[in-house]
Amino acid sequence: RLRRTEAAWGLALEQARRGSSERLRGLGDLADADARLSDPTPPVGDYRCRLVRLGSQDGAGPALVSGEWSRCRIEATAQGLRFSKLSGTQRPAGLLFPEDERHMVLLGGLALASEPPASRYGRNPARDLAGRVERIAAERWRIVLPWPQAGANLDLIELIPAG
């Protein structure tokens, strides 16, 4: 999935422009594939986050869906930095790994509804998540999840420090 990130961006943005161009423009840098800065590592702490879904894998679904703000956290663990979405009906979580000066890689899983927290990557392939973490402003990050298991062509999780 990560190798095909550019294709996911292209198709997702094309579909979103056709169906919701004004709403897409309102997302600003969050929906700009080229808006990434150096130093992608988010600091440990609590965040406000929201899921934005772009495009539709089956072509019939909505081209842009923006979720409600939720609680997320970046924490230091023995395995490294861990991202967790703490509230909502879909709760992705995973470990962050350095990739280059503009990206970190997220490998994790997805928990639904009242399930326990997501298992680690590779334990349940139907719930596996692979994405990239990018900094898009001084205190604003996004997690780019190309070709999620169902629905959109591209999921974006926006992160802003809580506080």
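To be clear, the structure that these remarks concern was listed above.
These numbers were taken from a predicted model, which means no experiment stands behind them. (Residues numbered from 1 in each chain as written. Predicted model: local features only at pLDDT ≥ 70, side-chain atom pairs only at ≥ 80, totals over all residues. Heavy atoms only, no water.)

Of regular secondary structure, the protein chain possesses one helix and nine strands. Going from the N terminus to the C terminus, the protein chain shows its helices and strands as α-β-β-β-β-β-β-β-β-β. In terms of overall size, the protein chain behaves like a compact globule, its C-alpha atoms giving a radius of gyration of 15 Å where 163 residues would be expected to give roughly 15 Å. Projecting the C-alpha coordinates of the protein chain onto the three principal axes gives extents of approximately 45 × 35 × 30 Å. The buried share of the protein chain, reckoned over its 163 residues, is 45%. (Helix = DSSP H or I, 4+ residues; strand = E, 2+ residues; numbered from the N terminus. Rg over C-alpha atoms; globule rule 2.2 N^0.38 Å. Buried < 20%, exposed > 50% of the residue type's maximum accessible area, 1.4 Å probe, protein only.)

Turning next to the nonpolar core. In this structure, Trp9, Leu24, Leu27, Leu54, Leu154 and Leu156 are the most contacted members of the largest nonpolar core, which totals 19 residues. Of all elements in the fold, only α1 (5–26), β1 (45–54) and β9 (154–161) reach the threshold of two or more residues within this core. Sort the elements by how many residues they give to this core and α1 lands first, with six residues. Among the nonpolar cores identified, the runner-up in size contains 16 residues, and Ile74, Leu81, Met104 and Leu145 belong to it. (Core = buried A, V, L, I, M, F, W, Y, C linked by side-chain atoms within 4.5 Å.)

Bringing the side chain of Arg132 into the picture now. Following the sequence through the fold, Arg132 ends up in strand β7 (residues 128–137). A distance of 3.2 Å separates polar atoms of two side chains, one belonging to Arg132 and the other to Thr5. Apart from the residues within four sequence positions on either side, Arg132 is in contact with Leu2, Thr5, Glu99, His103, Met104, Val105, Arg142, Ile143 and Val144. (Polar contact = N/O pair within 3.5 Å; in protein donor to acceptor, adjacent residues only side chain to side chain. Contact = heavy atoms within 4.5 Å.)

Counting across every chain of the model gives one aromatic pair. With centroids separated by 6.0 Å and ring planes inclined at 90°, the aromatic side chains of Tyr47 and Trp141 adopt a geometry described as edge-to-face. You can see Tyr47 sitting in strand β1 and its partner Trp141 sitting in strand β8 (residues 140–146), a full 94 residues away along the chain. Accessibility assignment for this pair places Tyr47 and Trp141 in one class, buried. (Phe/Tyr/Trp six-rings, centres within 6.5 Å; stacked < 30°, edge-to-face > 60°.)

What follows covers the layout of surface pockets. Approximately 480 Å³ is the volume found for the largest pocket. As for the largest pocket, its lining consists of 24 residues, and the residues nearest its centre are Leu51, Arg53, Gln90, Leu110 and Asp155. Looking at the lining of the largest pocket element by element, the count peaks at three residues for β1. In terms of residue class, the lining of the largest pocket is made up of 11 nonpolar, six polar and seven charged. (1 Å grid on protein atoms, 1.4 Å probe; cavity = no way out; pocket = protein on both sides within 12 Å on 5 of 7 lines; lining within 4 Å. Points joined across faces, edges and corners; volume = space filled by probe spheres on them. Nonpolar A, V, L, I, M, F, W, Y, C, P; charged D, E, K, R; others polar.)

Take the environment of Arg25 next. Summarising the element assignment, Arg25 is placed in helix α1. Counting along the chain gives 89 residues from Arg25 to Ser114, while the straight-line C-alpha distance between them is 34 Å.

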